[in-house]
Amino acid sequence: MEHVAVIGSSWGDEGKGKIVDYLCRDSDIIVRYQGGNNAGHTIVVEGRKFVFHLLPSGILQPGKLNVIGNGVVVDPGLLLEELAALKGEKLGALKVSEYATMIMPWHRVLDGIEGGKVGTTGRGIGPAYESKINRLGFKIGELLDFETFSKKLAERLEEANWLLQNKYKTSQLNLKEMIEQFRGYANALAPMITNTSLLLAKAMRDGKRIMFEGAQGTLLDVDYGSYPFVTSSNPSIGGLYTGTGIRPRNVKAIGIVKAYATRVGNGPFPTELKEEIGKHLQDKGHEFGATTGRPRRCGWLDLVLLKYSTDVNGFDGFALTKLDVLSGLPKVNVAVGYKVGNKTSENLLSMYDMERAEPVFKELPGWSEDISKCRKFEELPKNCRDYVTFIEKTTGVPVKYIGIGPGREELIVR
Ligand code: IMP
């Protein structure tokens, strides 16, 4: 059985939702393996638009099993809110790993205070992962023994309140209210909490097909991204293994590549376009964050970084999204090298080059035709095909899917 992983190749927001939506039709199980509600996946079903932050994208497909793996940080209140908003819809099943770490209320407060430099989404992601790594976190399975959980909550909240009051000079959080809040979460979530690693291992033995749904992107990976301007998890392929507790033998890794580059939040962005053309891409591509509404910084596609991301993930194929947004530009640039001092290289020689390199661009001719009606690669204008072929030749990875508009059917499959 061949499984599939959908992984962001750059700074997130590559348009994974649409590809996930297409690929999950052939999957039995959809698994989130990292991140939390910092993500925002937009899915359009029968003309209705849904934005999920935490729920796996197969939730609106009855008959499918959706899994939130142990590598995810779960804000329990938010999870219940997302489910409540879908009341009346026909849903797939949902199981949550007992070993997923919870985002606690003070994590959100701390992220709001400390996350400014990085420009985080403020959802408590970093502080929750921090507590997991320093072994002070709360696993969601702890809710099932509520008495023990309440005692631990009292201890941890005392420490958090000390920090909030003394270091950050902000108001303390109330224990009694929090215990009642979490009692409600425990009751509502109990039927969904289980050992998902066991569940997935059995499903694999039974021949089920799994889709691994990445959130964010490789350049935001805490180990492989533009540190410290990264998220606190591993969106790259390694996160799939640590975040699910299984080792599928056969996973096809599809790298999602937007036809141009975007980044939300702070940090290096070598091909950023600060002038008019960047604004044009932002407007035409509706480049505003699905979670925070912040405008995304826009730039040219960076093949130096895409080659790096391909090395990290071993991509088997690309899904090139939003190619239609480039239509109408007389010329399209792509970065093919980095110049640092008087040395130029086609590869990312040092991670720090992201901050100091001057990109070397290759200028390609643009196309003016509307491509949204094309359904075969051969129907695309020649210059547009050449753009796709140039990406394939430079990276050595075939482009298997091409997004040519926002609609579900506006996709070329090769
Ligand atoms: P955090 O994940 O909220 O800690 O934010 C860390 C960095 O990752 C910030 O630059 C965020 O803008 C960025 N980030 C987090 N989630 C996403 C996402 O889903 N898409 C794009 N950027 C994200």
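1. Here's the deal with the site of the ligand
Then step 1. Around the ligand sit 15 residues, and of these Asp-13, Asn-38, Thr-121, Thr-231 and Arg-294 come closest.
Then step 2. Note that a nitrogen atom of the ligand is positioned 3.1 Å from one of the side-chain N or O atoms of Asp-13.
Then step 3. Here Thr-231 contributes a side-chain N or O atom positioned 2.6 Å from an oxygen atom of the ligand.
Then step 4. Considering the ligand on its own, with 470 Å² of exposed area, one finds that the protein chains cover 97% of that surface.

2. Observations regarding the pairing of strand E4 (residues 48-52)
Walk down a regular strand and you will see the side chains alternate between the two sheet faces.
Then step 1. Bridge count between strand E3 (residues 41-45) and E4: five bridges; the pairing is antiparallel. Residue pairing for E4: Thr-42 is matched across the bridge by Val-51.
Then step 2. Hairpin geometry of E3 and E4 is characterised by an intervening segment of two residues between the two adjacent antiparallel strands and by a positive phi of about 45° at Glu-46.

3. A short note on the sheet that holds strand E2 (residues 29-32)
Then step 1. Spatially, the 10 strands line up as an open sheet ordered E9-E7-E5-E2-E10-E1-E11-E15-E19-E20, and their pairing is mixed. Both edges of this open sheet fall to strand E9 (193-194) and strand E20 (411-413), since each of them pairs with a single strand only.
Then step 2. In this structure, strand E19 (residues 399-403) lies alongside E20, joined through three bridges in antiparallel fashion. Of the residues in E20, the one forming a bridge with Ile-402 is Ile-412.
Then step 3. In the packing of helix H12 (residues 382-395) onto the sheet, contacts are made with strand E15 (317-321) and E19, and the angle to E15 comes to roughly 145°.

4. Looking at the pattern of salt bridges
Then step 1. Evaluated as defined, the whole model comprises 18 salt bridges.
Then step 2. As a salt-bridge pair, Arg-408 and Asp-21 come within 2.7 Å of each other at their nearest N and O atoms. Placement of Arg-408 in the loop between E19 and E20 and of Asp-21 in helix H1 (residues 16-23) is noted, with a sequence separation of 387 residues between them.
Then step 3. Overall, the relative accessible area of 32% leaves Arg-408 in the partly exposed class.
Then step 4. Glu-287 is the partner of Lys-258 in a salt bridge, and the nearest nitrogen-oxygen pair spans 3.0 Å. In this pair, Lys-258 sits in strand E11 (residues 251-258) while Glu-287 sits in the loop between helix H9 (276-284) and strand E13 (297-299), placing the two residues 29 residues apart along the sequence.
Then step 5. Taking the relative accessible area as the measure of exposure, Lys-258 reaches 3% and is therefore buried.
Then step 6. Using a relative accessible area of 0% as the deciding quantity, one classes Glu-287 as buried.
Then step 7. Look at the salt bridges and you will find they share partners, linking Asp-13, Lys-258, Glu-287, Arg-296 and Lys-322 into a network.

5. Describing the domain arrangement of the protein
Then step 1. Each assigned domain of the protein is listed here: domain 1 (3-98 + 195-413) and domain 2 (101-192).
Then step 2. Of note, the centres of domain 1 and domain 2, computed from C-alpha atoms alone, are 29 Å apart.
Then step 3. Every contact between the two is made by 32 residues of domain 1 and, on the other side, 25 residues of domain 2.
Then step 4. Summed over both partners, the interface of domain 1 with domain 2 comes to about 2,300 Å²; 59% of that surface belongs to carbon and sulfur atoms.
Then step 5. Put simply, domain 1 and domain 2 have one salt bridge between them.
Then step 6. Of the charged contacts in the structure, one is a salt bridge between Asp-75 and Arg-108, with a shortest N-O distance of 2.7 Å.
Then step 7. Across the domain 1-domain 2 interface, the total number found is 12 residue pairs in polar contact (both at pLDDT 80 or more).
Then step 8. Among the elements of the structure, strand E6 (73-74), helix H2 (76-84) and strand E7 (93-97) are those that each provide at least two residues to the side of domain 1 that touches domain 2.
Then step 9. Considering each element in turn, the side of domain 1 that touches domain 2 owes the most residues, five residues, to H2.
Then step 10. Residues belonging to the side of domain 1 that touches domain 2 are distributed by class as follows: 12 nonpolar, 16 polar and four charged.

6. Focus: the packing of H2 against helix H6 (residues 175-189)
Then step 1. Contact pair H2 / H6: the axes reach a minimum separation of 10 Å and the direction vectors enclose 50°. Here H6 runs oblique to H2, going by the angle between their axes. In terms of crossing hand, the pair formed by H2 and H6 is left-handed. Together, Pro-76, Gly-77, Leu-79 and Leu-80 of H2 and Phe-182, Tyr-185, Ala-188 and Leu-189 of H6 make up the contact between the two elements.
Then step 2. A per-class count over the contact of H2 with H6 returns seven nonpolar, one polar and no charged.

Cut-off values and rules
Residues numbered from 1 in each chain as written. Predicted model: local features only at pLDDT ≥ 70, side-chain atom pairs only at ≥ 80, totals over all residues. Heavy atoms only, no water. Near = heavy atom within 4 Å. Polar contact = N/O pair within 3.5 Å; in protein donor to acceptor, adjacent residues only side chain to side chain. Areas by Shrake-Rupley, 256 points an atom, 1.4 Å probe, with all protein chains shown as cover. Pairing = 2+ DSSP bridges. Helix = DSSP H or I, 4+ residues; strand = E, 2+ residues; numbered from the N terminus. Contact = heavy atoms within 4.5 Å. Axes fitted to C-alpha atoms, helices over the stretch in contact; angles between N-to-C directions. Salt bridge = Lys/Arg side-chain N within 4 Å of Asp/Glu carboxyl O. Buried < 20%, exposed > 50% of the residue type's maximum accessible area, 1.4 Å probe, protein only. Domains from an automatic or database assignment. Buried area = accessible area lost by both parts, 1.4 Å probe. Nonpolar A, V, L, I, M, F, W, Y, C, P; charged D, E, K, R; others polar. Parallel < 35°, antiparallel > 145°, perpendicular 65-115°, else oblique. Left-handed = near helix turned anticlockwise from the far one by under 90°.

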